[in-house]
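Letter by letter, the chains look like this.
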Amino acid sequence: MSLIGKEIGDFSVQAYQDNGFRTVTKADVLGTWSLFFFYPADFTFVCPTELEELAENYEAFKAEGCEVYSVSCDTEFTHMAWHGSSARIGQVSYPMLADPAHVLARDFEVLVEDAGQAERGAFVVDPEGRIQVYEVTASGIGRNAQELLRLVQAAKFVAEHGDQVCPAKWRPGSKTLTPGADLVGKL
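In this report, we go over the structure that sits alongside the text. Since this is a predicted model, take the numbers as computed values, not measurements.

## Overview of the overall build of the chain
The helix and strand inventory of the chain stands at five helices and nine strands. Going residue by residue from the N terminus, the α and β elements of the chain occur as β-β-α-β-α-β-α-β-α-β-β-β-β-α. In terms of overall size, the chain behaves like a compact globule, its C-alpha atoms giving a radius of gyration of 17 Å where 187 residues would be expected to give roughly 16 Å. Reported as C-alpha extents along the three principal axes, the dimensions of the chain are approximately 55 × 30 × 30 Å. Residue burial in the chain is summarised as follows: out of 187 residues, 45% are buried. Contacts spanning at least 24 positions in sequence make up 64% of the contacts within the chain whose residues lie at least 6 apart. Per element, the accessible surface of the chain, about 9,200 Å² overall, is 52% carbon and sulfur. Computed over 15 positive and 27 negative side-chain charges, the inter-centroid distance for the chain is 7 Å.

## A short note on the side chain of glutamate 50
Considering the arrangement of structural elements, one finds glutamate 50 in helix 2 (residues 46-63). In this structure glutamate 50 touches Phe37, Tyr39, Arg120, Ile141, Gly142 and Arg143, once residues within four positions along its chain are discounted.

## What about the sheet that holds strand 2 (residues 20-25)?
Here we have seven strands laid out as an open sheet, ordered 2-1-5-4-3-8-9, and mixed in their pairing. The two strands at the open ends of the sheet, each matched to only one other strand, are strand 2 and strand 9 (131-137). Between one strand axis and the next, the sheet turns by 25° as a mean value, whatever way the strands run. Here six bridges tie strand 8 (residues 120-125) to strand 9, and the two strands are oriented antiparallel to one another. Paired with glycine 121 across the bridge in strand 9 is valine 136. Packed onto the sheet, helix 2 meets strand 1 (12-17), strand 3 (33-38), strand 4 (66-72), strand 5 (96-98) and strand 8 and runs at close to 165° relative to strand 4. Across the sheet, helix 5 (residues 145-160) lies against strand 3, strand 4, strand 8 and strand 9, angled at about 145° from strand 3, the strand it touches most.

The rules behind the values
Residues numbered from 1 in each chain as written. Predicted model: local features only at pLDDT ≥ 70, side-chain atom pairs only at ≥ 80, totals over all residues. Heavy atoms only, no water. Helix = DSSP H or I, 4+ residues; strand = E, 2+ residues; numbered from the N terminus. Rg over C-alpha atoms; globule rule 2.2 N^0.38 Å. Buried < 20%, exposed > 50% of the residue type's maximum accessible area, 1.4 Å probe, protein only. Contact = heavy atoms within 4.5 Å. Areas by Shrake-Rupley, 256 points an atom, 1.4 Å probe, with all protein chains shown as cover. Lys, Arg positive; Asp, Glu negative; His and termini not counted. Charge placed at Lys NZ, Arg CZ, Asp CG, Glu CD. Pairing = 2+ DSSP bridges. Axes fitted to C-alpha atoms, helices over the stretch in contact; angles between N-to-C directions.

This is the structure in C-alpha cells:
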C-alpha cells in the first residue's frame, strides 16, 4: 500500500539539537515542508556518512523552507553522546529525533520489529502533514542528500503549480510538462 498522501499521525518525541533537548510534535512540523530521515542506529557505519552529508546540505534545505529531522529508535541521550564523540555527527545542527517507543517508525512504516530499529527511509512531508515523496532502502545502501533536496524542490513545485509536472532530472528553473492529450505518444 502506498504512503503517498498519508497524513502523518500525532506524535511527541524528544530531540537533540544545539547542545540541548526539546520536544518536537506534529504541530511543530505543520505549516512547513519537512524531511523525515530515518536510519537504523547511532554509532554505526553508513549512518554517519548520511547524516554528515545532510549537515553539509542543511542550509540548502532551510533555504527551501524545509526542516530536516533525522530519526532513529535511539534515545536523545544517545544522540547527544554520538554528537559529542564523532567529528561527522558533530557537524549536525538539524534536530535529531529520538524514537525509542517506535511511534514514528511505526507510523511511517519503517520499523523492523525484531531489531527494534528503523529501515533507511526518507519522507518528504508537505505543510499539511501529508507524505508527498518517500524512498526506503536496504540497510547497507546510503542515500544522497542532494537528490533528496531535488525531490523536495519538485514536490514544492508541483504543489504550487498543480497543472505542471516535473520530468526526470528536473531542477528548479528547468522545463516542466503540462499533462494533456497533446503530449500522448510525443515524448
